[in-house]
2 protein chains.
Amino acid sequence: MVEKTPGENAHPFDRATRTTLIDGRLRGIASKDYWAFVGPFGGATGATLLRAMQEHPDRAGDPLTVTVNFCAPLALEEFDVHLRLLRANRSSQHWMAELTQGDNGVVAFATAVFATRRESWSHQQTPMPAAPSPDQIAPLPNAGIANWTEQYQFRFVDGTPEYNGETRREKPASACSRMWLSDTTPRPVDFLSLLSMSDTFFARIFHVLGVIVPIGTVSITTAFHADAADLAAENTTTVLGVADANIFHKNYSDQTGQLWSPNGRLLATTTQTCYFKA
Amino acid sequence: MVEKTPGENAHPFDRATRTTLIDGRLRGIASKDYWAFVGPFGGATGATLLRAMQEHPDRAGDPLTVTVNFCAPLALEEFDVHLRLLRANRSSQHWMAELTQGDNGVVAFATAVFATRRESWSHQQTPMPAAPSPDQIAPLPNAGIANWTEQYQFRFVDGTPEYNGETRREKPASACSRMWLSDTTPRPVDFLSLLSMSDTFFARIFHVLGVIVPIGTVSITTAFHADAADLAAENTTTVLGVADANIFHKNYSDQTGQLWSPNGRLLATTTQTCYFKA
């Protein structure tokens, strides 16, 4: 499912997340296409680490759960990825990927469980939230917020961002939003794009306070509820993303999210811890 | 807040989660008090790793988010814990703890972010679910399920486990349960017990199918929404635990959970990926 070392004509997301083995070192460089404010969009960095693990010849099975920690801003220069197979069992593997950049040490790292999933009793407890079809909703105009937002089409069902400068500190708005999400250049949804998409939700504090404040994802965990065969069967370039938060306290908030296929299948769930200054 | 190298008279949980530095190696042994079926209760193992990180002299700040991966059953013999400070910033740190056991390699590992949290805008979006007070609910009788369940008092508000052998494969029951939870020997709730408590929810598939099937937590992520000062102010030995699941598919399910103080404060949220055979 993963195209190895995508070329210059590959999808921008594949170019942004590729690494190349040179003299025994796995190297890469962030893409300006997915640049955020002080570094690349975290979803692209996470997908870079997951792609490196997926492309390793010893990897077996599909990603089951991935945790990515963001330690410091990634500079727009070459980085190294160090892979380690912490444990291999009969039908599961535990991997770690560390991204280092010169003298700057560990800038980001990810741990992931891969598993060979077999047929079992299957039951989706949670129904897909109702939503009008994506072609009925205009995408959010890109107001030059950041390069990475140009790479996605955000079609908000509710919780459309309104940053009007009026702070809602006394009467915070809902933290929940629902949006149809797709790559601007359509790309079939796979594990890499699901991981990246799970970090595309605008910070919940923007929604709640109605203003943009300094934020940064510290750690994100995404669990996949479909294997490669399931994703191939869905064959979609669009997902419904639902995000919410429970609490904002002492500079950190949580964020929960779900990514649904248009057919109503829950593809991934995600939680993150997000720094904020407000 | 953490008692270092608890002695033989310490609380069973503190004895179960201690490690000792011997000749430069951090060593420990699982406790029979928290034994499960094929190894110790995962919550105790996770707390052992978090305690080791917390007790390290270079650790600064309080735990913010912890991910524990369970790679293989832990044997009832000595283990080593290897700590690594992956990154230290001005007000946050990224740590890793690996548990190895002789020739068996990595049996479990944890990554954690620690942070010095400062006052900020604070808002709890989600209200605490209504529940009768714990003294109105009889604890679940311990039917010798496993040693570890004797260490906790489970007072179910709803979703009381009923494993009557009638499978509910065609009409699965709710995956949601609410329970008051406390250590059998009362112990003030701290980060270690919150992490452990976040793995005390009985597997969602037991609730949904009404039968006990083989299960095992693969990876758990717990985020703390209170710092040490907040926890000290709550000064509670009891929490309300709410757990749910979205999906059971191809041998794996998710599980979401919340731990509330009796005062209505959200102390921690948790998600896990759980293997099941059904």
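Residues numbered from 1 in each chain as written. Chains lettered and ligands numbered in written order. Predicted model: local features only at pLDDT ≥ 70, side-chain atom pairs only at ≥ 80, totals over all residues. Heavy atoms only, no water.

Caption draft 1: Summary view of the overall build of chain A. Helix and strand counts for chain A stand at 5 helices and 14 strands. What you see for chain A is a C-alpha radius of gyration of 18 Å, in line with the 19 Å of a compact globule of 278 residues. C-alpha extents for chain A along the principal axes are approximately 55 × 50 × 40 Å. Put simply, chain A has 278 residues, and 60% of those count as buried. For chain A, the accessible surface area stands at approximately 10,800 Å², while carbon and sulfur atoms represent 49% of it. Where the 23 positive side-chain charges of chain A centre and where its 28 negative ones centre are 4 Å apart. (Helix = DSSP H or I, 4+ residues; strand = E, 2+ residues; numbered from the N terminus. Rg over C-alpha atoms; globule rule 2.2 N^0.38 Å. Buried < 20%, exposed > 50% of the residue type's maximum accessible area, 1.4 Å probe, protein only. Areas by Shrake-Rupley, 256 points an atom, 1.4 Å probe, with all protein chains shown as cover. Lys, Arg positive; Asp, Glu negative; His and termini not counted. Charge placed at Lys NZ, Arg CZ, Asp CG, Glu CD.)

Caption draft 2: Broad picture of the environment of methionine 53 of chain A. Residue and element names in this part refer to chain A. Along the chain, methionine 53 falls in helix H2 (residues 42–55). With 20 residues separating them along the chain, methionine 53 and proline 73 place their C-alpha atoms 21 Å apart. Aside from chain neighbours lying at most four places away, what touches methionine 53 is Arg59, Leu83, Trp95, Met96, Ala97, Ala110, Ala112 and Phe114. (Contact = heavy atoms within 4.5 Å.)

Caption draft 3: Structural detail: the pattern of salt bridges. In total, this model carries 32 salt bridges over all chains according to the counting rule given. Residue arginine 27 of chain A is joined to aspartate 80 of chain A by a salt bridge in which the shortest nitrogen-to-oxygen separation is 2.9 Å. Taken together, the positions of arginine 27 of chain A in strand E2 (residues 25–28) and aspartate 80 of chain A in strand E4 (residues 79–88) put the pair 53 residues apart, joining distant regions of the chain. With relative accessibility at 9%, the residue aspartate 80 of chain A sits in the buried group. As a salt-bridge pair, lysine 250 of chain B and glutamate 119 of chain A come within 3.8 Å of each other at their nearest N and O atoms. Of this pair, lysine 250 of chain B sits in the loop between strand E12 (247–249) and strand E13 (252–260) while glutamate 119 of chain A sits in the loop between strand E6 (106–115) and strand E7 (123–124), each in a different chain. A relative accessible area of 7% places lysine 250 of chain B in the buried class. One network of salt bridges, with partners in common, ties together Glu119, Asp227, Asp230, Glu234 and Arg265 of chain A together with Lys250 of chain B. (Salt bridge = Lys/Arg side-chain N within 4 Å of Asp/Glu carboxyl O.)

Caption draft 4: How the structure looks around the relation of the copies chain A and chain B. Placing chain A over chain B gives an RMSD of 0.0 Å and needs a rotation angle of 180°, together with 0.0 Å of translation along the axis. Those values place the two copies in the arrangement expected of a two-fold rotation axis. Mapped onto chain B, 100% of the interface residues of chain A are again interface residues, and the two copies thus contact each other with one and the same surface. (Least-squares fit on C-alpha atoms with pLDDT ≥ 70 in both.)

Caption draft 5: Expanded view of the interface of chain A and chain B. Residue-level contacts link 64 residues of chain A with 64 residues of chain B. Buried surface at the junction of chain A and chain B, summed over both partners, amounts to about 5,500 Å²; 52% is from carbon and sulfur atoms. Put simply, chain A and chain B have 8 salt bridges between them. Counting the contacts that link chain A with chain B gives 47 residue pairs in polar contact (both at pLDDT 80 or more). At 6 residues, the largest contribution of residues to the side of chain A that touches chain B is made by E6 of chain A. Residues of the side of chain A that touches chain B, tallied by class, amount to 27 nonpolar, 25 polar and 12 charged. Relative to E12 of chain B, E7 of chain A runs antiparallel, the two being bridged by 2 bridges. Residue pairing in the sheet places glutamine 124 of chain A in a bridge with isoleucine 247 of chain B of E12 of chain B. (Buried area = accessible area lost by both parts, 1.4 Å probe. Polar contact = N/O pair within 3.5 Å; in protein donor to acceptor, adjacent residues only side chain to side chain. Nonpolar A, V, L, I, M, F, W, Y, C, P; charged D, E, K, R; others polar. Pairing = 2+ DSSP bridges.)

Caption draft 6: Geometry of a nonpolar patch on the surface. Residue and element names in this part refer to chain A. Taken together, the side chains of Phe37, Val38 and Ile145 define a hydrophobic patch exposed on the protein surface, amounting to about 330 Å² of accessible area. Relative to the helices and strands, phenylalanine 37 resides in the loop between E2 and H2. Phenylalanine 37 sits in the exposed class, given a relative accessible area of 59%. (Patch = residues over 30% accessible without salt bridge, like charges linked within 9 Å, V, L, I, M, F, W, Y side chains within 5 Å.)

Caption draft 7: Highlighting the side chain of arginine 187 of chain B. Residue and element names in this part refer to chain B. Within the fold, arginine 187 resides in the loop between strand E9 (177–183) and helix H3 (191–197). Within polar-contact distance, the side chain of arginine 187 engages the side chain of aspartate 14 at 2.8 Å. Residue contacts for arginine 187: discarding those within four places in its chain leaves His11, Phe13, Asp14, Arg51, Ser193, Thr236 and Thr237.

Caption draft 8: The confidence of the model for chain A, seen in detail. For chain A, the average pLDDT comes to 95, and 97% of its residues sit at 70 or higher. This prediction of the complex comes with two scores: 0.97 for pTM and 0.96 for ipTM. (pLDDT = per-residue confidence, 0-100.)

Caption draft 9: Broad picture of helix H2 (residues 42–55) of chain B. With 14 residues, H2 of chain B extends 20 Å between its outermost C-alpha atoms, agreeing within 8% with the 20 Å of an ideal straight helix rising 1.5 Å per residue. Counting buried residues along H2 of chain B, 14 of its 14 residues qualify, which places the element largely inside the surrounding structure. (Expected span 1.5 Å × (residues − 1).)

Caption draft 10: Region of the structure containing the pairing of strand E9 (residues 177–183) of chain A. Residues and elements named next belong to chain A. With 7 of its 7 residues buried, E9 lies for the most part within the structure. Side chains Ser177, Met179, Leu181 and Asp183 project from E9 onto one buried face, and the interleaved Arg178, Trp180 and Ser182 project onto a second face that is buried too. As paired strands, strand E8 (residues 152–158) and E9 are joined by 6 bridges and run antiparallel to one another. Considered in E9, the bridge of phenylalanine 154 is made with leucine 181. The pairing of E9 with strand E11 (residues 238–244) spans 6 bridges and is classified as antiparallel. Along E11, the bridge assignment pairs tryptophan 180 with leucine 240.

Caption draft 11: The arrangement of the nonpolar core in detail. Grouped together as the largest cluster of nonpolar side chains are 65 residues, with contacts concentrated most on Leu50, Trp148, Tyr152 and Ile205 of chain A. The contact partners of leucine 50 of chain A, leaving out residues within four places of it in the chain, are Pro63, Val66, Phe114, Phe191, Leu192, Leu195 and Phe224 of chain A. (Core = buried A, V, L, I, M, F, W, Y, C linked by side-chain atoms within 4.5 Å.)

Caption draft 12: Expanded view of the state of the cysteines. Residue and element names in this part refer to chain A. All told, the structure shown has 0 disulfides over all chains when counted by the stated rule. Not part of a disulfide, cysteine 274 finds its nearest cysteine sulfur in cysteine 71, a span of 15 Å. Taking relative accessible area as the criterion, cysteine 274 reaches 6% and is therefore assigned buried. (Disulfide = S-S within 2.5 Å.)

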